[in-house]
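Spelled out from the first residue to the last, the chains are:
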Amino acid sequence: MKNPYLPIPMVVKKAYSETSDRMLRTIELGFLNESDEKGFQFMPGQFCELSVLGKGEAPFGIASSPTEKGSLKFTINKAGRVTTALHHLEEGEEVGLRGPLGNHYPIDRFEGKNVLIIGGGFAFTTLRSLVVYLSHPENRSKVKEITIIYGARMPGLLLYKEELAQWENRKDLNLVVTVDWGDKNWKGKVGLVPNVLEEIAPSSKDTYAVICGPPIMIKFTFPKLMALKFPNERIYTSLEKRMKCGIGKCGRCNIGHLFVCKDGPVFSYAQLEKLPKDY
Amino acid sequence: MSQLAIQEKIREKAKELLSKKEVDLIIGFSNWTLPLRTTPVFIRTPEGTESLIWNSFCENNLATYIHKFSRFRVGIIVKGCDARSLTALSLEKRFNPERVFLIGVPCQRMVDRKKVTKAVKGEILRAEERGEEIIVEGEEFKTVLNKKDYLYPSCQVCTHRTPIQAHVLVDDPVEESPLVEIHPGVNQFEKKTFEERWRFFEKETSRCIRCYACREVCPMCYCTECFVDDYRPKWIGGGLQPQDLQFYHIVRAYHQTGRCSGCGACERACPMDIPLTYLTQKLNQDVKELFGFEVGLNSKTPPPLSTFEVDDKGDFIK
Amino acid sequence: MMRRLDKRDFETFLESVMEECDLYAPVSLTEGVSVFKKIDHPNEVNFSQLLTQKPAKEIFFPQSEPMFNYERRGGKIQITSNEEVKRERILLGARPCDIEAISLIEKVFMSEPYTDLYFLEKRRKTTLIGLGCNPPLSTCFCSSAGGDPFLRSGSDLFLVDLGDAYSVELLTEKGMVFSKNKFLREADPEDLRRIKELEDKAFEKVGFSIPMDGIEKRLDLMMESFFWDRVHEKCIGCRICTYLCPTCHCFDIVDEGDFARGQRMRNWDSCLSPLYSLETSGHNPRPTTRERTRQRLMHKFNYFPKIFNRVGCVGCGRCIQYCPVHFDIRQAIIWTSSKRPRKPKI
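Residues numbered from 1 in each chain as written. Chains lettered and ligands numbered in written order. Predicted model: local features only at pLDDT ≥ 70, side-chain atom pairs only at ≥ 80, totals over all residues.

Bringing the packing of helix α6 (residues 184–191) of chain B against helix α11 (residues 277–291) of chain B into the picture now. Residue and element names in this part refer to chain B. Orientation of α6 relative to α11, taken along the N-to-C sense of each, is 80°, at an axis distance of 8 Å. On the basis of the axis angle, α6 is roughly perpendicular to α11. Between α6 and α11, the contacting residues are Gly185, Val186 and Phe189 on the first element and Thr277, Tyr278, Gln281, Lys282 and Gln285 on the second. Within the contact of α6 with α11, the residues separate by chemical class into three nonpolar, four polar and one charged. (Axes fitted to C-alpha atoms, helices over the stretch in contact; angles between N-to-C directions. Helix = DSSP H or I, 4+ residues; strand = E, 2+ residues; numbered from the N terminus. Parallel < 35°, antiparallel > 145°, perpendicular 65-115°, else oblique. Contact = placed C-beta atoms within 7 Å. Nonpolar A, V, L, I, M, F, W, Y, C, P; charged D, E, K, R; others polar.)

This next bit is on the domain arrangement of chain B. Residues and elements named next belong to chain B. Domain boundaries assigned for chain B yield domain 1 (3–112 + 151–298) and domain 2 (113–150). Between the C-alpha centres of domain 1 and domain 2 there is a distance of 24 Å. On the domain 2 side, the residues contacting the 11 residues of domain 1 number 13 residues. Taken together, the residues of the side of domain 1 that touches domain 2 break down into five nonpolar, three polar and three charged. (Domains from an automatic or database assignment.)

So, on to the interface of chain A and chain C. Counting from both sides, the interface comprises 29 residues of chain A and, opposite them, 36 residues of chain C. Grouping the constituent residues of the side of chain A that touches chain C by class yields 12 nonpolar, nine polar and eight charged.

This part is about the sheet that holds strand β6 (residues 133–137) of chain B. Residue and element names in this part refer to chain B. The three strands are arranged β5-β6-β7 in an open sheet whose pairing can be described as antiparallel. Either end of the sheet is taken by a strand with one partner, and the two such strands are β5 (126–130) and β7 (142–146). Strand-to-strand twist across the sheet, computed as the mean angle between neighbouring axes with direction ignored, equals 20°. In this sheet, β7 lies alongside β6 in antiparallel orientation, the contact comprising five bridges. Residue pairing across strands places Glu133 opposite Asn146, the latter belonging to β7. (Pairing = 2+ DSSP bridges.)

Below, the discussion takes up the domain arrangement of chain C. Residue and element names in this part refer to chain C. Along its sequence, chain C is organised into domain 1 (2–68 + 83–206) and domain 2 (215–336). Put simply, the middle of domain 1 and the middle of domain 2, counted by C-alpha atoms, are 26 Å apart. Residue-level contacts link 30 residues of domain 1 with 24 residues of domain 2. Broken down by secondary-structure element, the contributors of at least two residues to the side of domain 1 that touches domain 2 are β4 (64–73) and α2 (96–109). At eight residues, the largest contribution of residues to the side of domain 1 that touches domain 2 is made by α2. Looking at the side of domain 1 that touches domain 2 residue by residue, the class counts come to 17 nonpolar, seven polar and six charged.

Here's what the structure looks like:
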């Protein structure tokens, strides 16, 4: 029987800073064992526990899509001991990985429907996975319209600028990028995500909304979704909570009787309504 | 005054404070489900004061609750040691002294419930304090014990049983003569050689389960980030390695030096019966000898290890 | 199958057993303090306390356990897992509440789709010898929590102290292995009657007074109740109740070591610690003892039952005995069946 606490070895293939303040760094990990790579099947929304042995382990959403073979991408915010150690990794160094863990976005529910994706700040990691997956030629026809609203505080803090540029040029994606404060080079939209959402006013008919962002953004965006008549069953989010084991044993990340690591991190608002406000 | 009379006075004063709205909350003691035990209560209405009691089982140091309730105007029932802790805390600016009213009870010394439990065979189901006697009853026994033989070591050596810092005293001050000159645990400890002391400390702390009851029950331990949880740098591991257990207890005792009022709450709280007061009391003794200082007796002199004066003794520098 | 072990044969019986297995039993560390430990000699066994301070879960879920060792050698990382249990083990003298609690922790650690191998290996290789409670303590409320002082379920062998001997019931396949042990003699026909007498007495003492029925439904409506604002007041936030609780299973994972070598440790943790749910951003969903005591009680009596159809408490009463501020969980349960906290009439 497989021991779920043992990490598999991964090698850092690429590491680069995503944002101008250098607090967000993306690393691309490759599998060292072919059998691990073959056995690793995941869907957008899931996460992995990355280990820097000696420093610790922490959970990160998988930013790459299952359609991008060969490596896994994670974007790390430098905030504590483990994340600082991950930031200092160079190409060729080994890290440990446990995963894929958690549940994923309900893509089977999205079939034949429109998808509205709202992201804020560096919560965009698993949303990148979702967008790349849905916009892949094999999958694009499965859903109807895809609208993406992505906001950051400043232009330099936007993640995945390369991908954003690609998506901007696609006719089959409606991408709106906005910032709270622009700079002299910024030619795009300036405005808070909730206000931009209100402005664009996408139709809620046959549409699923997926929203990920800092609590303050969610707090103000959620009422706008309500105003647009999105029912709770069709609004999904990915929650964050302090985690350790990632497999629902250590008891730490529970919200009511559900564990964010095992029954989540993707929850619908209809589910969250029934749970205690313990997050 | 008898315990019952003291109890009445406490209820009277608490009721008065709440009726006149001079405080929002009274923190005192009440009976609960187990014999030989009382429990802290939080009274908000004049009628509620009927549940306040006073006896020789009121062993908790209620000063520790000031950290949780400092945003209210509180009235706290304090013994001598508790009042000293509060005075020390007010010096460390942990609360606004104008929002705290101390109802002082000159202490008749608290009963060591663990020692009482060990004196009988079988579970104690009922306990009663009658004057200088404690009567304990189980399913198959009824024993009368002499209260004086079952007092906590920290109470036996105490010379500050009257809470002189309190706003009001519900009884006359007691005569401050200790039952023993030196704390029994400290006495034993001082008689040991250096190696024996270490082996004793090692053996006793080996039972520690890192529950941190000693830390939480102590009024002087209020750091939001305790050294045990630091990870940059990491001082101490989280498991049961002997060096971690020893490090925790030594450092905690040292963090109390010059701040500890000797209330004994740490030792009373320990589920593994680790003696702790011999460490803190020895340090208190040393502070008294070296600096002539005892904490919490006046609200102006700060603890000697928390301050620096140019004319501080430097004779330890050789 | 019923057998009898005369007390004068107790130590030699244990000696015979220890030849093949590691024996874990209650050991006194100092007067009034005992824990379950691996013993080297039968005379270390000490049943003088009804309940040890630290519960029997320690034998399967140690307070501090290295999960694996890692070593960096020549640019490669080598990981050696520590889940293997070399020798068969016997847990002797665990009370029915502790044994029931082990099965509750088992439910969590074996819940699909992940299996906690550290727990499983130890559990698989252990024979449980339960010991009936005569008499139970006044703080015991196992009957209200779905158990009873002589519950045999979960034990492979069950002992009852008859004074001059133990009656030994061989209950499972693992238990039947002992049927050939020469120290276990034929049971005395009187034994059954004596056991029933002790059981009745114990049952009567424990009673059913704690209203555990329907507590899950009651708490469903109470998540935001004012009840929590009062219940938490005296809690000082230590970890005694969680560490001494036989069903609590929360743990922390930390790495100890340096770049070259070290271990990943699993240590007990407590939801009552302020750091437990503190997120890196600084946000803490449970900032005060109010939210944390609510989490503890809701987990035991609402969340756990939702998943496993049973309250997460076995009524051992350790938390009542050892809480430094005399928090009584029975009181909290009783209060959930009244409108708001009032002075109870116990």
